[in-house]
Every structure is written in structure tokens, then in C-alpha cells.
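Tertiary structure, described
Spelled out, the chains give:
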Amino acid sequence: MTIKQRLRNSWQSTFGAIVLIVAIVSIFSLIPLFFFHRFYFLDDTQRGAIGQWYEVGKLVMQGQLPIFNVAAQGSGNYLAEGQWGTFSPLVWLISVVVYYSSNFLIFASIFKIVLLNILGVGSFLLARSMAVQKPYAIIYGIVTPFVGFTIFAGASSWVTDLMVSAFFPWFWWVLRRFLNKNTGPVLASLVGYSIITVGYVFGTIMLIAVMLGAFIAAIVMKNWTQLRRIIFLGISLAATTIAVYLPGIAISGVTMRNTEGIFNDNFLSPSLSDLLFSFSPVGYSEMNSWWTVSGVTYMPFMYVSWLLALLVFVNFKQTKSFIQSHKVVLIQWLTPTLLTFMLLFGPANVGPLRFPVRMMAYFGQLVLLLVILLVAKLGLKFTKGRVQLFVGLMLLGTYLEIANTPARTQSILAINIIIGIFVAAIAYLGSGHHKMQLNHIKIQFKRPMLTVIVLAIITTGFSLVIQQRTIGRHHDEIQQQHITYIYPDYQMPTTKANILKMAEKFKGNTVILGFNNHVVMGNDWYITNNDSMNVYTPVGFKKFSGDFRGGDPTRISTDHYAKLFKKDKQTQLPLADLLSIDTVAVGNEGDRKVYRNLINHKNVPAGWQVTSHDQYYVVIQREKINNNVGGVVWSSIPQVTEIKNSNYEVTIKVPAHRDEAKVVFSRTAWPGYHVIGGQAKLSQPLRGYLTQIKVPASQKEQTITLQFEPPLFKASVGLIGFSVMLILFWSVGRGVTLLKRK
């Protein structure tokens, strides 16, 4: 057989394996939809990602980058948030698709299923690059997308987490090819750049950890050629990382993410003992969360895979030679694994890093990778002693599950017995046995590894069905029998037309007080024709949040209604005027006093009118809609005239005046504002968050422009340019060198 034929056969075999993985992962990804058709359109996807992507898509189609939005008061600093994909062509592409999408639910479902397939195929390729036999690499590719946190947090809600975790094995794979097969830097740089510019910090941390592992391995093995390549690639990716996160760091002092110190409140912080039942699809952790009931979070966030139970049957006899022959792989694996372990089981808050359970998406991948490596390289050993140890560990894990959720005792026992039988069968066949006798029936397995793959597929599918059957149910016997987590579905419309219809009653700059499913929520406001401070942000302006908006802008309390119309001490204007608010909706919740008064047309502020009300909300609007967020709202002298008000700047005319004058704008006082014209300067923000300038006395009329430029934006652009050019010149130089050698 010629080399060409061998390559063709290898490619065909690999392609067939990939097709199988895609088919199985796609089918299994549909299972949640049979139980809950909005599974992939929940929580932060619904109120965050879809509206955000829509806004980015709109900006891209207008030839703009997502950098800043003055109308998203307290939010809108897209560059500093990082997750708006300012420098990410991948995010731009996704966003344009969302912008033109006819149904957001269908898009979210298809997109997330594609991501799960990307994760599965990437895991397979990574395992194969480590010389894992194809059958075991296929199993790894099938089970990895269904790690508990990946499917129940990333796929259902935190889509950016799913994106970066899906590309994580791909980066590792292309990095290994780059180092071991001397391929060019373009592919490794492209995948790394895509992960970093998504802006999800945990993905960037894991990329750095993998690079660090490769760096250490090169030093240990004294492979100086690889070390140089890692350093040059690292310089490029480091420049990209700094470009993405530097603007956010530069303004961190005024944001809610200005968290210092290390402390533990156990919020979404798992315990090490949770790993003892991480083989079970219905094991629930004793960690605090938004859905904790009786000290337990009823979500399988700590589920890794049934595959973990197979570890008991690994034949560790040749461990020493395995370590010697796989030193590079193990060093590359150990570095990110140690980091994920420390963050996962460490304090709940480490500076701005929070919610440690988010590391489970990576910890699960890494642990499963080690298991599949050990199984593939050391083999399995099925003996009476191993079976006894297996039963003992299964019983221990099952006991801990039952201790956490005693109401589920019968179902836990039944499920774990079934899982145990499947795992034992896989271990039996994987250890080299070709025959199985059940009573008087003898079964001969001509292709035992094919049977192992089939059993692995069945076990994975069974686990997913069980999880979906017992979690997130609505109004059935399971819901009544057991305490279960109900998916956070805000019942947002799935089409642009229906969202616009929901927003018809609102005019101009709108604020919603209350939390109800019968109103536009979060970033879906970007899909409407209205401005709103209710858009979501993880890095809101701290002073504004403390004074009025609160920590979660999608849920502003009805108790804050009085603040809107209380006069500010300096300006003697109500906060609603200072924020240029045109419409206020008050929910029928809390003590309901404000709601009841307004629907009876009592205590309606002067200049405002009740325009609509129903059983959920009452809406009041200005008699004259201004729709002028960012403009002048107050000045200490009369006849200050606004000439122009746009996203990045506002220009005013200030008449001659004897004493120093002050002018306030309905612009959040983000760092980056500067004054052009006259001798005007920035003053201390009004109330700590509204931009204010002071204009010295002058005998002449002055034209003054207040302009915004994000801090370090030009530096970020320069770093992105440097990163791209470094890879470009490197690739060109490499190409020229290869041509000369020929």
C-alpha cells in the first residue's frame, strides 16, 4: 500500500468517525427538546445573548463596531465589558445571522447543537492526537458534550461559556499539531484569537493554562525549537488578550466588578466530596445557588460522566512505562487540570472571578481525557477484586447522593444500578473477553470494541434522558413528588415582530420597575425601537447601581419609583428628568401601592400621564416625549443651547456669564470623556454618575463639545494589529524559507 493510499484510508476512517460523533451528538442534543422545547433558549440566552447579538449585528451592518452606547445608561460600555466581541469576526458573523433571524428560539437551538458537535469533534481529534485508539476517541467525543455543567448551564443559558469550552479542545489540538507536526502558526493563532475575543475570561484562562503546559513540557524535554514557537505564538495571543481586557481593567474602579480580595460565600462553589458521585446523572451538590432548596442545588452541575466509573477497572500494572512514554502529554494535561481544580474547589470569589462551578466545563473535559488515555493505553482488567471495589465505590457515591436528596432514594438506586451494569459490561468486553454467559445462554462477541461503543452510546443517551425526565419539569407528578429546579424561562417572544408588538406601549427612553414575564426584558430592548437602562451588563456603573438601578438592571425594584421623582439637591430636578426618562412602567408587585394609585390616576407626576395599564403593569409617559438621552438636562445658568447630540459627543452653546457655570448631561460618567472648546473642564459627576462640566466665567459666547473616547481603545487596536501582523509576517517568512529549501 502506497503512502497516498494510507493517507486516503486514514482520512476516510477519521471522517467516518467524525460523522458518527456528529450523528450521535446531534440526536442526543434533541433529547432536551422533547421534554422542554425552549431548553436552548433560557435565562441569560433569552435576556442577554440574543439581544446583545442583535445589537452587534445591527452595528456591523451599519459599518460600526460595538464600542459604546450612550443610551444604555449605566451599561453601554461594550468595549469594557469584553463580551461584546468588539474585535471578534466570529461574534460579528453570529450577530449578523441573529440580526436577520426570523426566529430566535430556532436559531439558539441550532447554534447550541452545532456548538455541542464542535465540542464533540474537537474532543475526538484531541484524543487522537494523543494516540488514543479510535474506538475510545469516539467514546470521548460522544460523552464530553454531555458533561453536566456543559449541557445544563452552557447549552441552556450561558452560551458564551459553551462557545469557549467548545473551542477549547480544538485549540489544544491545533497547538499540538503546530508543535509536533511543524505546521504554520495561522490555525493555532486563529482558534486562540477566536476564544480570546469572545471575551469570556474563563476560556482565556484555560487557553493560557494549555499554553503554559506546553511551555513547561518543552523545557522539561529540552525541546528548544518548540519552546521558541510557543513563545512567539504566546506573544501574539498575549497581545490579543491585553487588547480585549485592558479597556475593562482601565475603568474597573467605577464598575460593579471592582471586587478586591478573596472570600468564600459558597455560592456556586462545589465541594470535593461531590466528585464521589459525579458518575451519576442525578447527583446534586450541596452548594448555594439561585435555585438552592434545603441546602441542595437540584441541577447536575457536578456530573462528569458514567465513564468515570470505568477508572476502577484500569490495569495500572504498566503505569510507570506509561508515564515515561507519555511525559509530554501528561505535563500538558496536568497544568490546566491543576488550575481548574484549584479554581473549582477554591474560594467562591477570587478578585473579579466568581462562580467557581463554571470551571466544571473544563474540569470535566480534562478528567475524561485522562480516563480515556488510561483506558486506551493501560487497558482494562476485569477481576472479582475489581468488581468488589467497583461495587463498593458505587455504593459510597450512591449513599452520598441519597444523603443529599433522600426523597429520591428509589430513583437514585434504580438509575445507579443500571449505570453500574452498563459500565461493568463495557469493562468486561474492553478487558478482552469475547464471550458472556447469562444462565444457559452464551453470547459470542465477534467485534467486542464495536459492542463497547454501542454500550457507551446507550449509557450516554440513557443518562441524558434520565436527567431531562427528573429536572425542570412543569406541573406533573415528578414536580409534585420531588423538589426540582424549574428552568428560568422569562417567556420572551421568539420573533422580532412579537417583541416589537410587546414594546408598542413604550415610547422614548424607558425604565421598567418590577419583574414580570409580560414585558420586554434585559437585552431584548436592543431589538425594540426604545432606549432603556434595563439592558443587562456584568460591569455596570457602580455609583448608578448603588443610587438607583441596583445590581441587576433587568430587575429594578418597584420600591425605586419614589426615587425617580424625588428632587435632586443640587439641581432641584427629579431623577427622571436628569436621566431623560420618557416612559416608566410600574409592576403590580411589592406592596402594590404605587401601582394602585397610578391606575386610579392618583399621584401622577406633573407633566406625565397614564397611557395604559393591565393586571401586570401600569405605564406612565411624559406628555411630550423628548427621546434625548445624553443631552443637556440642567445648567446653572439660563440659555445653554444644545446644538448636537450623538452617541459619542454632544455640542452646546454657552452664553456669556459672570460666574463659573455648571452643565449636567444625561450621560453616565464613564472614564473617557473630555471637553473641547473654551476653558471648560470635567467636574465631579452629579450624584456620582451623571457627567458634569464646569465652564469658567467668560464675556463671550462659547461652543463646547463633550466627547467620549474609550480609554486605551487605540492601544487595543494597536495590539490587535500587532498580533495579526506578527502571525502574518511569521507565516510569510516560513513560506519563503520552505520555498528556498525546495
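So, a few notes on the structure that sits alongside this text. Computed from a predicted model, the values in this text were never measured in an experiment. (Residues numbered from 1 in each chain as written. Predicted model: local features only at pLDDT ≥ 70, side-chain atom pairs only at ≥ 80, totals over all residues. Heavy atoms only, no water.)

**Focus on the side chain of Gln-52**
Mapping Gln-52 onto the fold places it in helix H2 (residues 43-61). Beyond its immediate chain neighbours, meaning those up to four positions away, Gln-52 contacts Gln-83, Trp-84, Asn-523 and Tyr-526. (Helix = DSSP H or I, 4+ residues; strand = E, 2+ residues; numbered from the N terminus. Contact = heavy atoms within 4.5 Å.)

**Quick word on a nonpolar patch on the surface**
On the surface, a nonpolar cluster with roughly 450 Å² of combined accessible area is contributed by Met-725, Leu-728, Phe-729, Val-732 and Val-736. Topologically, Val-732 is positioned in helix H24 (residues 713-741). The partly exposed category is assigned to Val-732, whose relative accessible area is 47%. (Patch = residues over 30% accessible without salt bridge, like charges linked within 9 Å, V, L, I, M, F, W, Y side chains within 5 Å. Areas by Shrake-Rupley, 256 points an atom, 1.4 Å probe, with all protein chains shown as cover. Salt bridge = Lys/Arg side-chain N within 4 Å of Asp/Glu carboxyl O. Buried < 20%, exposed > 50% of the residue type's maximum accessible area, 1.4 Å probe, protein only.)

**What to know about unusual backbone geometry**
Residues other than glycine seldom take positive phi values, yet Leu-268 does so here, at roughly 50°. Within the secondary structure layout, Leu-268 lies in the loop between strand E1 (262-263) and strand E2 (292-293). Under the relative-accessibility criterion, Leu-268 is labelled buried at 1%. The residue Arg-592 is not glycine, and still its phi comes out positive at about 65°.

**Details of the sheet that holds E1**
Pairing is antiparallel in the open sheet, where three strands are placed in the order E1-E4-E5. What marks the edges here is a single partner per strand, and that holds for E1 and strand E5 (353-354). With two bridges joining them, E1 and strand E4 (residues 349-350) adopt antiparallel strand pairing. Bridge pairing in E4 places Ile-262 opposite Val-350. (Pairing = 2+ DSSP bridges.)

**Observations regarding the packing of helix H5 (residues 104-129) against helix H7 (residues 148-155)**
As a packed pair, H5 and H7 sit with axes 11 Å apart at the nearest point and diverge in direction by 155°. One element, H5, and the other, H7, form an angle in the roughly antiparallel class. As H5 runs across H7, the sense of the crossing is right-handed. Facing H5, whose interface residues are Lys-112, Leu-116 and Leu-119, H7 presents Thr-150, Ile-151, Gly-154 and Ala-155. Looking at side-chain class alone, the contact of H5 with H7 contains four nonpolar, two polar and one charged residues. (Axes fitted to C-alpha atoms, helices over the stretch in contact; angles between N-to-C directions. Parallel < 35°, antiparallel > 145°, perpendicular 65-115°, else oblique. Left-handed = near helix turned anticlockwise from the far one by under 90°. Nonpolar A, V, L, I, M, F, W, Y, C, P; charged D, E, K, R; others polar.)

**Section: the pairing of strand E14 (residues 641-645)**
When E14 meets strand E15 (residues 649-654), the two strands line up antiparallel, connected through four bridges. The residue of E15 that forms the bridge with Thr-641 is Lys-653. Joining the antiparallel neighbours E14 and E15 is a turn of three residues.

**Quick notes on the packing of H2 against H5**
To describe two helices that pack against each other, one gives the angle between their axes and the distance between the axes. Running from N to C, H2 and H5 point in directions that differ by 95°, and their axes come no closer than 12 Å. By the criterion of interaxial angle, the relationship of H2 to H5 is roughly perpendicular. Contacts between H2 and H5 involve Thr-45, Ile-50, Trp-53 and Tyr-54 from the former and Phe-104, Phe-107, Ala-108, Phe-111 and Lys-112 from the latter.

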